[in-house]
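# Analysis of the macromolecular model
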Amino acid sequence: MRFVRMHLNESPFEPSGLVASYVSRYVSSLNLYHVEELEREFMKRLSGYVGLPEEHLRFFPSSSEALAAVIRYCKSRGLRLVSVWPTFHGLLEFARMEGARVDLVGLAPDSFELDLLGLAREGGSSRALYLCNPNNPTSNMLFEDRATLDFLLGRFGLVVVDEAYFEFSEFTVADKIRESDGLVVVRTFSKAFSLAGARVGYIVASPELASRLGEHSALFSTPVTSLAAALGALQDLGYMREVVRRTIELREELRRGVSELGLRSLDSRTNFLFVRVPVPGRALARRLSEAGIKVRAYDDEAVRNYVRVSVSTRENNLSFLRALSEILKTL
Ligand SMILES: Cc1ncc(COP(=O)(O)O)c(C=O)c1O
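The rules behind the values
Residues numbered from 1 in each chain as written. Predicted model: local features only at pLDDT ≥ 70, side-chain atom pairs only at ≥ 80, totals over all residues. Heavy atoms only, no water. Helix = DSSP H or I, 4+ residues; strand = E, 2+ residues; numbered from the N terminus. Rg over C-alpha atoms; globule rule 2.2 N^0.38 Å. Buried < 20%, exposed > 50% of the residue type's maximum accessible area, 1.4 Å probe, protein only. Contact = heavy atoms within 4.5 Å. Phe/Tyr/Trp six-rings, centres within 6.5 Å; stacked < 30°, edge-to-face > 60°. Lys NZ or Arg CZ within 6 Å of the ring centre and 35° of its normal. Domains from an automatic or database assignment. Buried area = accessible area lost by both parts, 1.4 Å probe. Salt bridge = Lys/Arg side-chain N within 4 Å of Asp/Glu carboxyl O. Pairing = 2+ DSSP bridges. Axes fitted to C-alpha atoms, helices over the stretch in contact; angles between N-to-C directions. Core = buried A, V, L, I, M, F, W, Y, C linked by side-chain atoms within 4.5 Å.

## With respect to the overall build of the protein chain
Check the secondary structure of the protein chain and you find 12 helices and 12 strands. Over its C-alpha trace the protein chain gives a radius of gyration of 20 Å, about what one expects of a compact globule, namely 20 Å for 331 residues. Principal axes of the C-alpha set define a box for the protein chain whose edges measure 60 × 50 × 35 Å. Going through the 331 residues of the protein chain one by one, you find that 55% of them count as buried. Within the protein chain, contacts between residues at least 6 apart in sequence are counted, and of these 73% link residues at least 24 apart.

Structure below.
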């Protein structure tokens with residue numbers, strides 16, 4: 001059975017046509033570990049896209065790998081990790097794999113807003129705070145002002161902001177790294193650039209921190225063709241912006257559909273919705289899966305009655321709404 005994939009926050013749109021031409025241009029270089037000219041061109045383009053000089057940037061084979069490098073760096077410096085909860089589950093997984101402990105501070109129940117005082121209590125110069133903004137799985141912004149960032153930068157030795165969904169939220173703190181040594185921004189090509197399968201991500205940090213973080217990743221770990229794919233995507237920003245525009249349009253349609261079925265979802269700034277459901281999310285996800293649709297659900301108490309639904313094509317979104325409507329009738 002072929003499932004409708006609404007569980008991994010992938011883009012429902014294929015990559016830009018330029019991706020295929022860049023990948024095929026570099027296929028014959030796959031005998032090499034890396035291609036200097038490709039890396040130079042990629043860094044130049046990435047620097048233009050981010051709006052910061054190249055010395056602030058390092059690429060990694062996915063933002064997951066970038067986060068793992070950040071965790072290794074924290075461990076090597078004796079920085080203890082703090083994170084809000086619920087947030088990107090991968091962070092806890094990567095920390096577990098690296099043998100690092102993460103202290104969790106709960107977001108406000110159901111509004112999933114930051115508890116700044118609670119965070120401040122966990123602060124300290126030997127603590128590193130991870131914040132996913134906008135947050136996965138809750139889809140909302142955790143902050144959208146400079147004062148909150150300044151507050152946190154003043155209280156933690158390092159603040160890691162995961163901007164995996166930046167292109168959808170259009171809010172970034174990347175430019176702040178010009179002033180701060182204690183900030184790292186993590187981004188990915190997996191979402192807005194429709195390149196989840198290429199596995200390319202990057203970090204933005206002060207030149208010194210960027211170079212230290214780079215030391216926590218193996219040499220030549222980003223495949224030549226993946227970097228070529230990411231370069232192709234960067235050469236076609238108009239396509240990416242159109243993907244974002246259409247995804248947001250489809251997201252709002254899906255949100256209206258969910259609301260017409262009597263369910264509340266959070267105001268999303270991402271490519272997915274976080275929907276409150278009248279039964280445990282796991283039970284609903286099982287029923288949807290029987291109808292051929294995959295969504296994400298959680299065991300954790302704070303999000304037990306929610307499902308996370310990635311925006312897909314209009315056809316898939318309608319299949320989801322139809323299946324959901326049928327299931328709700330039987331509850
Ligand atoms: C917040 C967040 N960070 C990181 C990732 C991992 O992305 P990548 O594909 O770059 O490993 C995801 C993927 O869903 C995510 O939601």
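## Focus: the packing of aromatic side chains
Applying the stated criterion across every chain, the model contains 13 aromatic pairs. Following the ring pairs from residue to residue traces out a cluster consisting of Phe-42, Tyr-49, Phe-59, Phe-189, Phe-193 and Tyr-202. Sitting over the face of the ring of Tyr-22, Arg-25 holds its NZ or CZ atom 4.5 Å from the ring centroid. Sitting over the ring of Phe-166, Arg-187 keeps its end group 3.9 Å from the ring centre.

## Re the domain arrangement of the protein chain
Taken as a whole, the protein chain is organised into domain 1 (4-12 + 238-329) and domain 2 (17-235). Distance between the C-alpha centres of domain 1 and domain 2: 25 Å. With 25 residues of domain 1 in contact, the opposing surface of domain 2 contributes 23 residues. When the buried surface of domain 1 facing domain 2 is broken down by residue, Met-240, Leu-266 and Arg-269 rank first, second and third, together holding 30% of it. For the pair domain 1 and domain 2, the interface holds 2 salt bridges. The partner of Arg-276 in a salt bridge is Asp-110, with the nearest N and O atoms 2.9 Å apart.

## With respect to the sheet that holds strand S7 (residues 183-188)
Hydrogen bonding along the main chain pairs the strands of a sheet, whether they run parallel or antiparallel. In spatial order, the strands read S2-S8-S7-S6-S5-S3-S4; together these 7 strands make up an open sheet with mixed pairing. With partners counted over all chains shown, the strands left at the sheet margins are strand S2 (57-60) and strand S4 (102-106), one partner each. When strand polarity is set aside, the average angle formed by the axes of neighbouring strands in this sheet is 25 degrees. Where strand S3 (residues 80-85) and strand S5 (residues 124-132) come together, 4 bridges link them in parallel fashion. Paired with Arg-80 across the bridge in S5 is Arg-127. Each of S2, strand S6 (156-162), S7 and strand S8 (201-204) touches helix H8 (residues 207-214); the most contacted strand, S2, lies at about 20 degrees to it.

## A short note on the nonpolar core
One finds Phe-42, Phe-189 and Val-204 to be the most contacted residues of the largest nonpolar core, which totals 64 residues. With 8 residues, helix H9 (residues 224-234) is the largest single contributor of residues to this core. Of the residues that make up this core, three or more belong to each of domain 1 (4-12 + 238-329) and domain 2 (17-235). In this view, Phe-189 contacts Phe-42, Leu-46, Ser-194, Leu-195, Ala-196, Val-200, Tyr-202, Ala-230 and Leu-234; residues no more than four positions away in its chain are not counted.

## Overview of the pattern of salt bridges
According to the stated counting rule, one finds 23 salt bridges in the structure shown. One salt bridge in this structure joins Arg-72 and Glu-98, with 2.8 Å as the shortest N-O distance. Here the residue Arg-72 occupies a position in helix H3 (residues 63-77), and Glu-98 occupies one in the loop between helix H4 (89-97) and S4, the gap between them amounting to 26 residues. The shortest N-O distance in the salt bridge between Asp-175 and Arg-146 comes to 3.1 Å. With Asp-175 in the loop between helix H7 (166-169) and S7 and Arg-146 in helix H6 (residues 146-153), this pair connects stretches of sequence that are 29 residues apart. With relative accessibility at 32%, the residue Arg-146 sits in the partly exposed group. What you see here is one network of salt bridges that share partners, running through Glu-41, Lys-44 and Arg-45.

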